[in-house]
Amino acid sequence: MRGLFLASACVCILAVGVICFFLIANGLPFFRQSSLIDFISGTQWAPLRNIFGILPMIVGSFVITLGALLLGAPIGVLTAIMMARFASNKAVRLMKPAVALLAGIPSVVYGFFGLMLLVPFTRNTLGGDGLSIFVASVLLAIMILPTIIQTSEAAIRAVPESYYEGSLALGATHEASVFRAVVPSARSGILSGIVLGLGRAIGETTAVLMVAGNQARLPSGILQGVRTLTVNVLLEMGYAADLHRESLIATGLVLFVLVMAVNFLFSFINRRRVLQ
Amino acid sequence: MSVNMKAGQTGAPDISVPARSRPRWGARALKWLCAFSSALTLGILLLIVLYICLNGIPEFFYRDEAGVFRFKSELFALRYNSRNLSMLPALINTLSMTGLALLFSVPIGVGGGIYLAEYAKPSSKLVKLIRVTAETLAGIPSIIYALFGMLVFVVTLKIGISMLAGALTLGTMTLPLILRQTEESLMGVPMSYREGSYGLGAGKLRTTLRIVLPVAMPGILAAVLLSIGRISGETAALVFTSGTGTRIAGLSDSGRTLAVHLFKLQEEGRAVGASFAVAVVLLIVVVLMNALSVYLAKKLTTKG
């Protein structure tokens, strides 16, 4: 039985190996026809004319993710502080399942909600056609909230009580102790929560596809539509063939490398936290 | 609060709390911001749930000639067509997809968790590698799983676009969740249980399967329920693996789950009403799975 258990545990290693191998084996042939530099710095995406430049998608992914973090990170961290240090037990018992529910809502439902409510609202108040960087950022901010809240709350709760008590004993108030002593000590845990949210935002596909407009060009304002790396794959893989198909797999490869970099950053922060 | 003592005034010396201990303006503002953010988080959740439900629930009913509300049974017709927009095939596909995917991820995940918690030496290189890869799997976005499933199961293994290919893909996706939760739940079982079992003469395997595993069960079930939520809500990873077939699908047929159904209805620009109805059902599934897993997790903590 031990061998069977060991084999099951090794399926994880196998899966990661297979994913890496197949992405690389199917994505690399594309670079025989086109250089990597041209691919990631090209501003034009015209598969029919065999022009493959994914700079607009890279920019799109970054802009939407940045917007989501700017909106979601402060709200998430402040909510986590509230839950860990200020709210009554009763309120926490209400908020925990609420946050878990927010995490559980499928991305297609988020996308549908964004499309039906946020897009028309933005169109009527801010102008443009509503399918925009702005709406996608807002929606992604909501989607990464639970990730940031759950990780940050755990980090704040993990700070030794003596830090808080020491601060009180020096004459600081409850509030000052929380903001000056407890939260700064949970800094790296909070940061890792934000990085985890960043990873989720870069990888999100369905919800973004439904609200971002998906134009493959460099955006010039936040009310314009944009296409992300993830959306590029989902949108065109259905009918792509030959070089076009390879270029989409190569897009996935670029995304994979980005996500791996974010994961590495996450474990780097975590390891430093453990060393501390 | 310090009181100004005027010259000539008599009385006890001022021993009230010095002004510094009152929250400063900045700290108080920050505290209010915290409260505001929490309210915003709850408000957003409420907005989403209410918006979907208020628009979606009426879609299940219609008013007949006499003005009586009746249930729209065509939404649950056995076959989908562009007129009735039935969600029943998608609902059944969701159930079978969930069952199939769990058939892969639960035995492997639980087995792997048992190895990590009960058998492995925590410091060995292999265990470290397993941990790192499980973490990597958990962080890979669903669109990469879509490419993986398409390239490996659909094309290379020649399974074709089918429920089986989709289930294998989602099984891989939910594997790390179950593996890690199993490991954690097993770690939470007190050593004394194992020692008691060994003391009575049971072997390692019997101790693990008969004593430790049942105690850790609520935690493992909670992970399974979360996986069910993830599987039934997944879209991107399924579009190119199990496809968008509209019928009740067998193992080797293409079939859409509810989430994919909602996605396709939107893409085709079809009936908003039917989409809202699907969204309500999806929301109910997720709420149910979440509530159950919270309940089970609580049961685990009160027991432990």
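So, how was this worked out
Residues numbered from 1 in each chain as written. Chains lettered and ligands numbered in written order. Predicted model: local features only at pLDDT ≥ 70, side-chain atom pairs only at ≥ 80, totals over all residues. Helix = DSSP H or I, 4+ residues; strand = E, 2+ residues; numbered from the N terminus. Rg over C-alpha atoms; globule rule 2.2 N^0.38 Å. Buried ≥ 20, exposed ≤ 12 C-beta atoms within 10 Å, placed from the backbone. Contact = placed C-beta atoms within 7 Å. Nonpolar A, V, L, I, M, F, W, Y, C, P; charged D, E, K, R; others polar. Expected span 1.5 Å × (residues − 1). Core = buried A, V, L, I, M, F, W, Y, C linked by C-beta atoms within 7 Å. pLDDT = per-residue confidence, 0-100. Axes fitted to C-alpha atoms, helices over the stretch in contact; angles between N-to-C directions. Parallel < 35°, antiparallel > 145°, perpendicular 65-115°, else oblique. Left-handed = near helix turned anticlockwise from the far one by under 90°.

## Quick word on the overall build of chain B
The secondary structure content of chain B amounts to ten helices and two strands. The order of helices and strands in chain B, counted from the N terminus, is α-β-β-α-α-α-α-α-α-α-α-α. The globule rule puts the C-alpha radius of gyration for 304 residues at 19 Å, and the 27 Å found for chain B is more than 25% above it. For chain B, the spread of C-alpha atoms along the three principal axes comes to 95 × 70 × 35 Å. Within chain B, buried positions represent 45% of all 304 residues. Counting only contacts in chain B whose residues sit at least 6 apart along the sequence, the fraction spanning at least 24 positions is 69%.

## What to know about the environment of E153 of chain A
Mapped onto the elements, E153 of chain A comes out in helix α7 (residues 133–157). Considering only alpha carbons, one finds E153 of chain A and A84 of chain A, 69 residues apart in sequence, at a separation of 5.8 Å.

## Points about the interface of chain A and chain B
Taken together, the 63 residues of chain A in the interface contact 68 residues of chain B. If one sorts the elements of the side of chain A that touches chain B by residue count, helix α1 (residues 2–27) of chain A sits on top with 17 residues. For the side of chain A that touches chain B, the class distribution of residues is 47 nonpolar, 14 polar and two charged.

## Focus: helix α5 (residues 89–104) of chain A
Compared with the 22 Å implied by 1.5 Å per residue over 16 residues, the 23 Å span of α5 of chain A between its first and last C-alpha is a close match. Among the residues of α5 of chain A, M95, V99, L101, L102 and G104 of chain A are the ones counted as buried.

## Points about unusual backbone geometry
At N214 of chain A, a residue that is not glycine, the phi angle is positive and equals roughly 65 degrees. Relative to the helices and strands, N214 of chain A resides in the loop between α11 (206–211) and α12 (229–236). For N214 of chain A, a count of 20 C-beta atoms within 10 Å corresponds to the buried category. A positive phi angle, near 60 degrees, is found at K158 of chain B, a position not held by glycine. Relative to the assigned elements, K158 of chain B resides in the loop between α4 (142–156) and α5 (163–187).

## What about the nonpolar core?
In terms of nonpolar packing, the biggest core is built from 173 residues, with L139 and V211 of chain A together with L282 of chain B touching the most fellow members. Sorting elements by how many residues they give to this core places α7 of chain A first, with 16 residues. Setting aside its immediate chain neighbours within four residues, L282 of chain B contacts P106 and V109 of chain A together with S232, G233, L258, A259 and L262 of chain B.

## Structural notes on the confidence of the model for chain B
Residues and elements named next belong to chain B. Averaged over every residue, the pLDDT of chain B is 87; the share at 70 or more is 90%. No element of chain B has a lower mean pLDDT than strand β2 (residues 69–71), which averages 82, and none a higher one than α5, which averages 95. Here the prediction assigns the complex a pTM of 0.90, and the interface score ipTM is 0.92.

## Details of the packing of helix α8 (residues 161–169) of chain A against helix α9 (residues 174–185) of chain A
All names here are of chain A. The interhelical angle for the contact between α8 and α9, taken along N-to-C directions, is 150 degrees, at an axis separation of 9 Å. Comparing the axis directions of α8 and α9 gives the class roughly antiparallel. Note on packing geometry: the crossing formed by α8 with α9 is right-handed. Contacts between α8 and α9 involve Y163, Y164, S167 and L168 on the former and, on the latter, S177, R180, A181, V182 and S185. Partitioned by chemical class, the residues of the contact of α8 with α9 number five nonpolar, three polar and one charged.

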